[in-house]
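The residues making up each chain are set out below.
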Amino acid sequence: MSAGLDGNFKKIPIDKIPEDSFFSEPVYLDNLDKNFILATPEMPVTGQLVSALRAWGYTEVYSNGEILDDYAADKTSEKEAMELTEATIVSDSEKIRRAEDFYDAFQKYVETLFTRVSIKNELDYTSVAEKIKTACDIMREDRRFLLRVQKNSSTGPNTNYLASHAVKSTIIAIIIGSYLKLPNHRLIELGISALLHEIGMIKLPPQIYLSKRALQPQERKAILTHPLLGFNLLKSFDFPLNITLGALEHHERENGSGYPQKLTGDKISLYSKIIAVACSYEALSSQRPHKEAKDGYTGMLELLKNEGKQYDDTIVRALVFSLSIYPIGLYVLLSSGRKGQVVDVNPENPRFPIVQVFGELTPDGKNKVVETSQTGIYIIRPLTREETGTA
C-alpha cells in the first residue's frame, strides 16, 4: 500500500493490468492528484492507454479498486457515479481559458514593465522575480495549454512586438530549462534573464526595430548595440551578473559568428545559450513587421539544421524533445485525412507527438486524442494559415 488520496491507495504496475480490463474504483495517474483520473469503473483500461502511459514514462497507476474482467455496474451507486463525474479532469476548454488568462495578464505586465523602464527608468528585481516564479509554477501545471495559447496568440500590427517576443521567449526558455532539470532558483533566474534579454531595444528609436524597409547602415549598427545597452541597463539596477549576461550574450553563437563579443563555445553563459535558442525559434515562428511567420515545424527544422553550428546541440535537443519536431499548438493534417492540433510531446520520439483530432469524440464525449506513430496514424504536414482560417 502507498499513502494516497485517502491513505489507502494501491500502486499498481501497468504491466500487471490485463488489456481492456476494468477497475471497481477510479484509476488515478498520481496518488496525490485527485483530478487526474485515467479511468472510471465504466471505462476499460485499453492497450492504447497503457502504451501511452509507457510512452509518457509512467510505470504504475493508483487505485483503491480491484481489477475485473468486465464492468460491474452494481458496484457503483448513483451517488458514487455523481461524485466521479464531479471529480473528473478539468476540461481542456477550462484549462485553455486559464492559460489564456495567464498569458494575457503576463503580456500586459511586460508591456507595463517596459513602459516604466522607458519612461520612468524604474525596474525592480524582486517584483520581476515574483512574476517569473508564478510563471514557472503555472508552466509546471499547464505547460501544454500555455504553449497552445502562445501558438495561437496574435502578433499583428497592434501588438507590442518587444513584449510579445519577451513573453514567448521566456516561456520557451523556462521549458528548455525544465527539460535540462535546472533547479527552481536557476529556472527563475533564467526566466528573468529571458524576459529582459531585449531590454536594450527600448533605448533605440522604435522605427528602427519595427521598420518594414531595409535598414540603413547606421541603423543596422545601432541595432547591434542593444545587447550592450541592455547589459548596462540591468547592471544599473543591480541585477545579478548571471542574469545580465543573458542580455549581453544572447546574440553570441557557438562558432564565434555572433555579437557583440564574438564569443565561442564554453565562453558563452548557459542562460545565454538557452535564450539564444528560445528567442531564435520564437523569431522564426512569429510574424514580424518585416517578415511572415514560418510554421513551428519549419522553424524547428531550421534550428535542427544548426547551419554553421551556431547553437549548442544540447540546447537544440532540449527544445526538440520539449516541444517536438511538430511543436505543441501546431495545426496538422493526419494520414487519416483528418485535421488536428498537436497537444503534447512524445518524450521517447519527438517526431510523433500527441494530436487532438478535430471532429472526433471518444465514447465518453471527450475530444479524441491519438498518439501518432510510424506504423499507425502519422502527420502528413502542417496546415497552412489559410487552411486553419487564421490568415
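The coordinates are above.
### Brief notes about the overall build of the protein chain
What the protein chain contains, in helices and strands, is 14 helices and 11 strands. Looking at the protein chain as a whole, 49% of its 391 residues qualify as buried. Sequence separation of at least 24 residues holds for 64% of the intrachain contacts in the protein chain that already meet a minimum separation of 6. Accessible surface for the protein chain amounts to roughly 19,200 Å². Of this, 52% is attributable to carbon and sulfur atoms.

### Side note on the nonpolar core
With 82 residues, the main nonpolar core has Leu195 and Leu196 as its most contacted residues. In this structure, Leu196 is in contact with Leu113, Phe114, Leu123, Leu234, Phe239 and Ala247, ignoring residues within four places of it in sequence. Core analysis: the second largest hydrophobic core is formed by 12 residues, Val27, Ala39, Val50 and Leu53 among them.

### Looking at the sheet that holds strand β8 (residues 339-344)
Taken together, five strands build an open sheet; the order of strands is β10-β9-β8-β7-β11 and the sheet is antiparallel. Because the sheet does not close on itself, it has two edges, and the strands there are β10 (367-371) and β11 (379-382). In this sheet, adjacent strand axes meet at a mean angle of 45 degrees when their direction is disregarded. Strand direction decides the pairing type here: β8 and strand β9 (residues 354-361), joined by four bridges, are antiparallel. In the sheet register, Gln341 faces β9, and the bridge partner there is Gln356.

Basis of the calculations
Residues numbered from 1 in each chain as written. Predicted model: local features only at pLDDT ≥ 70, side-chain atom pairs only at ≥ 80, totals over all residues. Heavy atoms only, no water. Helix = DSSP H or I, 4+ residues; strand = E, 2+ residues; numbered from the N terminus. Buried < 20%, exposed > 50% of the residue type's maximum accessible area, 1.4 Å probe, protein only. Contact = heavy atoms within 4.5 Å. Areas by Shrake-Rupley, 256 points an atom, 1.4 Å probe, with all protein chains shown as cover. Core = buried A, V, L, I, M, F, W, Y, C linked by side-chain atoms within 4.5 Å. Pairing = 2+ DSSP bridges. Axes fitted to C-alpha atoms, helices over the stretch in contact; angles between N-to-C directions.

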